[in-house]
Each structure stands twice: as C-alpha cells, then as structure tokens.
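Residues per chain are reported as follows:
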Amino acid sequence: MNLYDRIPNNVNLSEDKKLQRALEKWLPNYLDWWREMGPDGFQEKDVWLRTAVDVGSEGWAHFDYVKMPEYRWGIFLEPPQPDAIVGFGDNHGRPAYQEVPGEFRNALRRIIVTQGDTEPASVEQQRQLGKTCPSLYDLRNLFQVNVEEGRHLWAMVYLLHGYFGRDGRDEADALLERRSGNPDKPRILEAFNQPCDDWLNFFAFTMFTDRDGKYQLSALAESGFEPLARTCQFMLTEEAHHMFVGDTGLGRVVRRTAQLMKEGDVRELGGIPLEIIQKYINFWFSYSLDLFGGEISSNSADFFAAGLKGRYKEREQYTDHLATNENVRVTIVEDGQLKTREVPLRNALNEVLRGEYVKDCEKGLARWNKVLADEGASERLFLPHPRFHRHVGEFAGHTFDIEGNLISREEFERRKDEWLPTIEDRKYVRSLMHPVYEPGKIANWIAPPAAGIKGKSFEFEYVRL
Ligand SMILES: [Fe+2]
Ligand SMILES: [Fe+2]
C-alpha cells in the first residue's frame, strides 16, 4: 500500500514509471477541473471526510478534517483472486483477462468511458448546493459524495491510462472537458445533464441515479476483465454511502412533511408538499431507468458474450452462466399498441438489470411509506410505471400515463404537470432553500437524521466555516 505517494494507491504505481508519469500529468488538470467545477465556495474549508486508505472490509477509511482540494484521491482495487476466471458468456471458465483482449478493446473502452463520465458529471450538477444546505451534517455528506465521485473518476482514468495507451489518454482528457448540461459538450448520459439545483433534487438523485450506479458497477464487478472487476468492487463500498444519503435524506423530508401535515397546510408552514416529492420521484426514477439502456439490446448481448458485463450478482445468483437457452418476454410498442415479444435472454439483459434496480427502489419507497405510517399519515408514495417518461429504449417517442397506459401526446402534454415537477414546483422548492450553517440546527423542511456520522452526533461541527 503506497499511501504516501502523490497518488495513494494499491497498484504499485511507483513501479510503473510510465503510468505514474501519465497520471501525474493528468493530476493538475484534474485539480483545475475540481476548482472550476467542484463545490463552489467551500474549497478552503475544513470538512470532516472519510478518505479511502485500504480496501479491507474493516478500517478501509480514515476520517478527519480535510480541505477538499487536498483530498487524497487514490487508486484502490480489491485484491486479485488467484485463478480468477471469466465468469460468464462465451469464454466462461477461461482465465480472466489481465490485459484488454484486442477484439473487445472498443467495447471495453466505451464501457469505461461511459461509467467514468458520470462521475465528474454529478459533481458538476451538485456544485452550487453547498450554498443552500439544510444543515452542516448534510453539507458534509454532499462533499463526501462529491470527493468520492472524484475518486471514481480517478478509478476509471487509471484503467484508461493503464490499459488503453494513447486513445485511453485522450479519453481521460475528454472526461475533464465535457460539462454537465452544456449544449456544445454535454455529458454522455442524459440524467447527468439534468440540473440538480435544490436539495430535493439532490436526495432524489442520490437515491435513484446513484442507485443506477450501484447496478452498473455490480454488473461490471463481475467482468472478466479483472482490473475493471476489482476496481468496481471497491467503488461499490463507497457508493453505498451515496445511496444512504439519498434514501435517508428523502425519508427525512417525508417525515417532516408528514409532521407538518398534522399541523396544517404544509406550504403555509414552509414544508414540501407530498405531491411535489412524488413528482421529483417520478422525474428522477424515470431518467434513471433510461441509464440501463434499451429493453432489447444487441450491445447487452455482445458485452455478456464477451465476458465484459455480467448480470447483477452473476456468480452468486445464477448457475447457468451462458444464458443461451432462455427467452424473455419484453413489452414493446407496435402499431400504436403494447405487445410482448420473446427475445433471447442475452438481448434482454438491460431489462433484467433494470428489474433488479426497480425491486431495490421499491424497498426505498416502502421505507418512506413506513415513515408516513409512523407519523399517522394515510397518503402513500409510489414508483411510476417503468414505461412512464422514458427517453431511451422501446418506450422512447411514445407517451404513457403514470400507470404505464399508452396515451396520446396531447393527453400527456395536458396532464404532465400532475406527474412531473413544474417550473412553479421547482421555484417553490428553491424558495425554501436557505443555508443553515450553525452546528446542530436544521432547516424547517426536513427532519434531523436519526444519528450522526461515524459515531459523531448530529451537533458535531462537520464543516468548519
Ligand atoms: Fe460514483
Ligand atoms: Fe455515487
């Protein structure tokens, strides 16, 4: 473990001078990007952050005050498995790829670049949020997510520099050049070009969009390209906290809203009405579903056949790792009607992964509905139908109501304000966003957390302003 290098790592970077030089050249560009596009206004503040220093299941993180630009972004891979094999697909059982197989080079690079692009994008989307944080505890969590997304970018850039030569270097540079929401050089995936400019957006984003990350990383953690698998396995340990922030953050908003509902009109009392929370759920859930790709996809089949991207918990959950004998029924739109089509399982793997994701999201909804029940409210939150508001795959270009019924575009336009945040909704939520910087204090529209971070109390000074 070389923790004291300029780039902390467990990949023996100091023994690979060429790679070390390449990454040290990329580092100042990364820091320029961080200063330009990272959290605005807090770069010189001490933030109580965890830093990855190891990959062991216990004690992998060190907690202390750090100024964000001095955060030690490192490269950490889970230790190699002796006798690792390609765990699925046409090469199932062969030794895992330690180098990029020539025939899969483009596909692998595309997978890594697409994943890598999401990491800095989310930091860009969230860069103004510190100015309206509901508490110091939340401010710290925001920055924790931000620095770790920065580290995830490092993880992907390590793979690009380490395994893809010149075009890998070019791709690593381009990851710092695209900008979330910029019409001329947007980020690759649409969810990462959507504004995330209030805290309800932030919690919904970390709940639903970071959770897509969990499933993509889990599928890549199965990869037969071992460096990618080991990288993603470790990223998943950090990702868990991001989803915790979203899940509990939204749960706390729901709790506060339910409490205010008992006192009177939520709006008059300065809370966020349940209907608006529901619309934010509808918005981010639908955009996040798009991230899984088309329902019927030859890419998903190719990636699986090549042993590059597996299913969720491929090793643990499945015994048949070839997936050649099964068909799956997929819903499609044909001649203006919903129909089902049988497709080979390998072509439906995006849909299979999306299904795992939806199940996971439903658990979050159940937790929030339990909060509502605990507070004595009879209303319930729900997930929109997966066909609702889609921009990728079979349902893109068609319009559905919140229950998934095919409706005309006119009807959708007429009713969309019932389902998706309106400009007024967004304005209202923004009007509530005033910073609370005093330790132990919290904004009126959200309940305090059940506990602080790592044994500290909620009152702890998580960020020194
Ligand atoms: Fe990430
Ligand atoms: Fe994340």
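Given the structure is predicted, the values throughout are model-derived calculations rather than measurements.

Draft legend 1. Molecular detail of the coordination of the iron ion (ligand 1). Distances from the iron ion (ligand 1) to its protein donors, namely Glu119 (OE), Glu149 (OE) and His152 (ND1), fall within the range 2.0 to 2.2 Å. We note that the donor set of the iron ion (ligand 1) lies within a single chain, spaced as E-x29-E-x2-H.

Draft legend 2. Local environment of the layout of surface pockets. Reported here for the largest pocket is a volume of approximately 780 Å³. Surrounding the largest pocket, 41 residues form its lining, Thr114, Leu189, Gln216, Leu291 and Lys309 being those nearest its centre. Examining the composition of the lining of the largest pocket, we find that 8 residues originate from one element, helix H5 (residues 199–221), more than from any other. Residue classes in the lining of the largest pocket are distributed as 17 nonpolar, 14 polar and 10 charged. Each pocket or cavity is described by its volume, and for the second largest pocket that value is around 330 Å³. Thr248, Gly251, Arg252, Arg255 and Val371 are, among the 17 residues lining the second largest pocket, the residues nearest its centre. Of all the elements in the fold, those that place two or more residues in the lining of the second largest pocket are helix H6 (226–263) and helix H10 (349–374). Here the element with the most residues in the lining of the second largest pocket is H6; it accounts for 6 residues.

Draft legend 3. The packing of aromatic side chains, seen in detail. Evaluated as defined, the whole model comprises 39 aromatic pairs. Judged by centre distance (5.7 Å) and plane angle (50 degrees), the ring pair of Phe202 and Phe203 falls under tilted. Seen in terms of ring centroids, Phe388 and Phe412 are 6.2 Å apart; in terms of plane orientation they differ by 50 degrees. Their pairing is tilted. Separated by 24 residues along the polypeptide, Phe388 in the loop between H10 and strand E5 (399–400) and Phe412 in helix H11 (residues 409–419) bring together distant segments of the chain. Each residue in the set Trp26, Tyr30, Trp33, Trp34, Tyr71, Trp73 and Trp154 is aromatic and connected to the rest through ring pairs, giving one cluster. We note Arg267 situated over the ring of Tyr428; from NZ or CZ to the ring centre the distance is 4.3 Å. Above the ring of Phe283, the side-chain terminus of Arg426 is found at 4.9 Å from the ring centroid.

Draft legend 4. Structural detail: the coordination of the iron ion (ligand 2). Coordination sphere of the iron ion (ligand 2), protein contribution only: Glu149 (OE), Asp210 (OD), Glu239 (OE) and His242 (ND1), at 1.8 to 2.2 Å. Here the iron ion (ligand 2) is ringed by 4 donor atoms whose angles at the metal span 90 to 172 degrees, and the overall shape comes out irregular. Between consecutive donors of the iron ion (ligand 2), the numbers of intervening residues give the motif E-x60-D-x28-E-x2-H. The distance between the iron ion (ligand 2) and the iron ion (ligand 1) comes to 3.5 Å, and Glu149 binds to both of them. Taken as a pair, Asp210 in helix H5 and His242 in helix H6 lie far apart in primary sequence, 32 residues in all.

How each quantity is defined
Residues numbered from 1 in each chain as written. Chains lettered and ligands numbered in written order. Predicted model: local features only at pLDDT ≥ 70, side-chain atom pairs only at ≥ 80, totals over all residues. Heavy atoms only, no water. Donors = N, O, S within 2.8 Å, 3.2 Å for Na, K, Ca; no water. 1 Å grid on protein atoms, 1.4 Å probe; cavity = no way out; pocket = protein on both sides within 12 Å on 5 of 7 lines; lining within 4 Å. Points joined across faces, edges and corners; volume = space filled by probe spheres on them. Helix = DSSP H or I, 4+ residues; strand = E, 2+ residues; numbered from the N terminus. Nonpolar A, V, L, I, M, F, W, Y, C, P; charged D, E, K, R; others polar. Phe/Tyr/Trp six-rings, centres within 6.5 Å; stacked < 30°, edge-to-face > 60°. Lys NZ or Arg CZ within 6 Å of the ring centre and 35° of its normal. Tetrahedral: all angles 85-135°; square planar, octahedral: opposite > 155°, others 65-115°.

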